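# Structural characterization, general
Chain by chain, the residues run as shown.
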Number of protein chains: 2
Amino acid sequence: MQPSAKALVPFVSVDHMMQLIHHIGLPEMLRGIAANIEEDFRRWELFDKTPRVASHSANGVIELMPTSDGEVYGFKYVNGHPANTVDGLQTVTAFGLLANVANGYPVLLSEMTLLTALRTAAMSAVAAKYLAPKGATTMAMIGNGAQSEFQSVAMQAICGITNVRLYDTDAAATAKCARNLAASGLSVTTCTSPEHAIEGAQILTTCTADKQYATILTDNMVGAGVHINAIGGDCPGKTELAPAILHRAAIFVEYTEQTRIEGEIQQLPADYPVTELWHVIAGQAQGRRDARQITLFDSVGFAIEDFSALRYIRAQIKGTPFFHPLDLLADPDDPRDLFGMLQRATPKQNT
Amino acid sequence: MQPSAKALVPFVSVDHMMQLIHHIGLPEMLRGIAANIEEDFRRWELFDKTPRVASHSANGVIELMPTSDGEVYGFKYVNGHPANTVDGLQTVTAFGLLANVANGYPVLLSEMTLLTALRTAAMSAVAAKYLAPKGATTMAMIGNGAQSEFQSVAMQAICGITNVRLYDTDAAATAKCARNLAASGLSVTTCTSPEHAIEGAQILTTCTADKQYATILTDNMVGAGVHINAIGGDCPGKTELAPAILHRAAIFVEYTEQTRIEGEIQQLPADYPVTELWHVIAGQAQGRRDARQITLFDSVGFAIEDFSALRYIRAQIKGTPFFHPLDLLADPDDPRDLFGMLQRATPKQNT
């Protein structure tokens with residue numbers, strides 16, 4: 001039986017997503033997603049916002065992250081299981097969906113393991129665009145896992161970074177990152193300690209995956225004027241920065257209610273002042289105040305960023321071969337006649 | 001590029017679901033799902049429970065319904081848009097997912113428009129099995145939309161109902177339902193009023209779709225000893241029963257916290273006593289007390305029922321051709337090397 005067009009949802013598989021990225025070009029795609037994020041952050045107040053719905057277990061977490069702009073609804077399924085790499089599995093896998101608010105019908109289903117890496121990198125670069133010191137050229141990249149190359153290329157494509165300094169407790173991860181960035185046009189330095197990595201860097205990005213209170217950056221490592229892009233502290237009990245750094249920095253977050261639970265600021269009192277980044281992007285709050293200020297983007301990832309990335313994909317796949325229609329929705333000729341549709345689907349050999 | 005087995009999630013399309021239902025047989029499948037629901041309700045306390053995450057709009061609602069038994073996580077996406085039928089669309093469409101809690105990887109993606117109809121019917125029949133008067137033979141089915149035939153067949157397969165009496169404000173819907181049930185073995189009577197439909201019925205099922213406070217059953221229509229199976233009152237502002245009926249009935253619900261918001265009991269004070277059905281199934285609370293008692297199952301649908309239905313599908317599709325593997329998850333050889341996987345996927349013409 002051939003399902004009708006209404007029953008079919010465009011599906012972007014991992015393979016199609018990779019083809020789409022190569023078709024558009026990674027830097028261009030990161031710029032496009034970043035532009036959507038900026039656009040959506042400017043109309044932040046319009047969105048339905050709720051902290052993600054998390055299901056925690058001993059090994060990790062599974063989360064649903066819904067949002068809506070009133071016309072389009074989106075959500076992402078994402079897991080975080082730090083020990084997965086031991087078994088040759090991804091720490092984070094994800095997929096996402098957009099639907100039409102007016103009738104509830106899904107309009108896009110997409111892999112989001114790759115897309116989450118892109119939107120996280122694009123988000124970091126958008127924050128750095130508003131918060132990093134003027135003329136920043138060098139980023140220290142601490143934690144050289146799956147996210148590290150995307151962070152580096154986004155900072156290059158959106159903020160004009162020309163040098164990255166890599167460090168990971170696992171030298172093989174650093175070597176992998178350096179190898180992957182060899183053709184990027186970035187000048188890459190592999191470092192043997194966090195202290196070595198931060199030398200001369202105006203942007204310090206931390207992206208480590210341990211689910212525990214860790215101290216990737218200590219207080220004395222953070223000098224005046226730097227911008228810290230803290231990615232890895234993103235769930236209860238998982239932080240990367242010494243509390244003293246937080247007290248010296250101007251702190252910017254995505255969605256305060258969620259970041260208080262999941263971000264670096266879970267180490268601070270619940271009323272500690274922070275600025276939501278959308279206020280800065282919308283011109284309603286100041287970003288970096290002066291060249292000596294320490295700025296911190298305490299990033300945990302928010303549903304609106306996934307929404308921005310998914311609507312980018314929805315627009316880009318039109319007219320391309322980089323999706324296929326998925327028979328996800330039942331669509332009887334008479335909508336009240338689901339049973340009749342089922343009956344008419346009786347296999348020939350049984351009739 | 002051929003994705004590895006880890007990257008592939010078994011997907012049950014609408015077409016495959018229909019083939020599976022015909023392969024197993026609808027009554028047998030309803031019994032199987034009902035058995036899973038009873039099993040899961042008996043271990044109710046083990047589940048992660050949260051009211052569904054609803055996004056309401058002028059036309060309807062989009063909901064995410066997650067749960068977990070500690071080993072398997074499940075969620076359903078479902079919309080409810082009563083005006084959809086005007087445009088030839090389904091009021092309710094749905095899909096669902098199961099994932100492995102230990103590593104967060106999805107293990108099943110399935111259409112759930114059909115499956116929700118089955119599990120809702122199976123749930124109603126499980127409730128009637130515990131609450132309806134002994135030897136009930138006749139059900140009044142008020143509201144003859146997409147759910148009505150499934151309700152009828154489930155009551156037949158699980159509770160031994162032999163007669164259904166159909167009524168809908170739209171006679172065409174009643175005719176459709178009667179036609180669809182012609183080969184079911186049920187004795188079907190089409191009725192011209194709700195009063196006509198309830199004559200001699202021990203089970204009164206209401207399943208109408210208007211999003212407003214409606215009165216499908218008035219107080220004087222409900223005699224001693226009946227079991228009311230109220231399906232259609234399932235979101236804020238949407239009810240089907242006169243409040244006076246609620247005051248005369250022993251009320252059973254799925255998950256009190258959610259039903260207070262969405263069910264018939266939203267018309268009652270927040271502390272009005274109700275019994276969660278799982279207590280009855282687990283032998284911890286009394287169901288029907290005597291032959292004259294009015295029992296009411298105030299059904300709104302709960303995540304655990306979807307979980308029960310999805311795990312039934314997961315078990316049944318093994319070794320069948322009724323699913324296909326979906327390339328939903330990125331699976332690099334080295335899990336930290338997502339970027340390398342992307343680079344290696346460079347189309348030949350660009351290298």
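Above this text is the structure in question.
Described in the following lines is the structure provided in the data block. Being a predicted model, the structure only gives us computed values, none of them experimental.

### Quick notes on the interface of chain A and chain B
- Each partner contributes residues to the interface: chain A has 76 residues there, and chain B has 76 residues.
- Overall, the association of chain A and chain B removes approximately 7000 Å² of surface from exposure, summing both partners, and the carbon and sulfur fraction of that is 67%.
- In terms of surface lost to chain B, no three residues of chain A exceed His22(A), Arg336(A) and Phe339(A), which account for 11% of the buried area on that side.
- Counting every contact that joins chain A to chain B gives two salt bridges.
- Notably, a salt bridge pairs Arg336(B) with Asp170(A), separated by 2.5 Å at the nearest N-O pair.
- Scanning the region where chain A abuts chain B turns up 35 residue pairs in polar contact (both at pLDDT 80 or more).

### As for the pairing of strand β1 (residues 8-12) of chain A
Residues and elements named next belong to chain A.
- Sheet topology places β1 next to strand β17 (residues 324-327); four bridges connect them, and they run antiparallel. Bridge assignment links Phe 11 to a residue of β17, and that residue is His 324.
- As defined by bridge partners, β1 adjoins strand β6 (residues 106-111) across two bridges and the pair is classed as parallel. Residue pairing in the sheet places Val 12 in a bridge with Ser 110 of β6.

### Overview of the packing of aromatic side chains
- The tally for this structure, following the rule as stated, stands at 24 aromatic pairs over all chains.
- Ring centres of Phe75(A) and Phe95(A) lie 6.5 Å apart, and the angle between their planes is 75°; on these two criteria the pair is classed as edge-to-face. Of this pair, Phe75(A) sits in strand β4 (residues 72-80) while Phe95(A) sits in strand β5 (residues 94-100); the two residues are 20 residues apart in sequence, bridging distant segments of the chain. When sorted by exposure, Phe75(A) lands in the same class as Phe95(A), which is buried.
- By way of ring pairs, the aromatic residues Tyr73(A), Phe75(A), Tyr77(A), Phe95(A), Tyr73(B), Phe75(B), Tyr77(B) and Phe95(B) are connected into one cluster.

### A few points about the relation of the copies chain A and chain B
- Expressed as a screw transformation, the operator carrying chain A onto chain B has a rotation angle of 180° and an axial translation of 0.0 Å, and the superposed copies differ by an RMSD of 0.0 Å. A rotation of that kind, with that shift, is consistent with a two-fold axis.
- A shared binding surface is used by both copies, with 100% of the interface residues of chain A retained as interface residues in chain B.

### A look at the side chain of Thr295(B)
All names here are of chain B.
- When you line up the elements, Thr 295 lands in strand β16 (residues 294-298).
- A polar atom in the side chain of Thr 295 sits 3.3 Å from the backbone oxygen of Leu 131.
- Not counting residues within four places of it along the chain, the set of residues in contact with Thr 295 comprises Leu 131, Val 226, His 227, Ile 228, Ala 250, Phe 252 and Arg 288.

### Overview of helix α5 (residues 171-180) of chain B
- For α5(B), every residue scored as buried is listed here: Ala173(B), Thr174(B), Lys176(B), Cys177(B), Ala178(B) and Asn180(B).
- Summarising the contacts, the buried residues of α5(B) are in contact with α11 (338-344) of chain A together with α4 (148-159), β8 (163-167) and β9 (187-190) of chain B.
- N-capping of α5(B) is provided by Asp170(B), with a side-chain oxygen placed 2.9 Å from the backbone N of Ala172(B).

### Section: the nonpolar core
- The biggest cluster of nonpolar side chains holds 79 residues, and the ones touching the most others in it are Met29(A), Phe150(A), Leu277(A) and Ile313(A).
- With twelve residues, the top contributor of residues to this core is helix α3 (residues 113-131) of chain A.

### Focus on the pairing of strand β12 (residues 227-230) of chain A
Residues and elements named next belong to chain A.
- Burial along β12 is two-sided: the residues His 227 and Asn 229 and Ile 228 and Ala 230 are all buried.
- Where strand β10 (residues 203-206) and β12 come together, four bridges link them in parallel fashion. For Thr 206, the partnering residue across the bridge sits in β12 and is Ala 230.

Quick notes on the rules
Residues numbered from 1 in each chain as written. Chains lettered and ligands numbered in written order. Predicted model: local features only at pLDDT ≥ 70, side-chain atom pairs only at ≥ 80, totals over all residues. Heavy atoms only, no water. Contact = heavy atoms within 4.5 Å. Buried area = accessible area lost by both parts, 1.4 Å probe. Salt bridge = Lys/Arg side-chain N within 4 Å of Asp/Glu carboxyl O. Polar contact = N/O pair within 3.5 Å; in protein donor to acceptor, adjacent residues only side chain to side chain. Pairing = 2+ DSSP bridges. Helix = DSSP H or I, 4+ residues; strand = E, 2+ residues; numbered from the N terminus. Phe/Tyr/Trp six-rings, centres within 6.5 Å; stacked < 30°, edge-to-face > 60°. Buried < 20%, exposed > 50% of the residue type's maximum accessible area, 1.4 Å probe, protein only. Least-squares fit on C-alpha atoms with pLDDT ≥ 70 in both. Core = buried A, V, L, I, M, F, W, Y, C linked by side-chain atoms within 4.5 Å.

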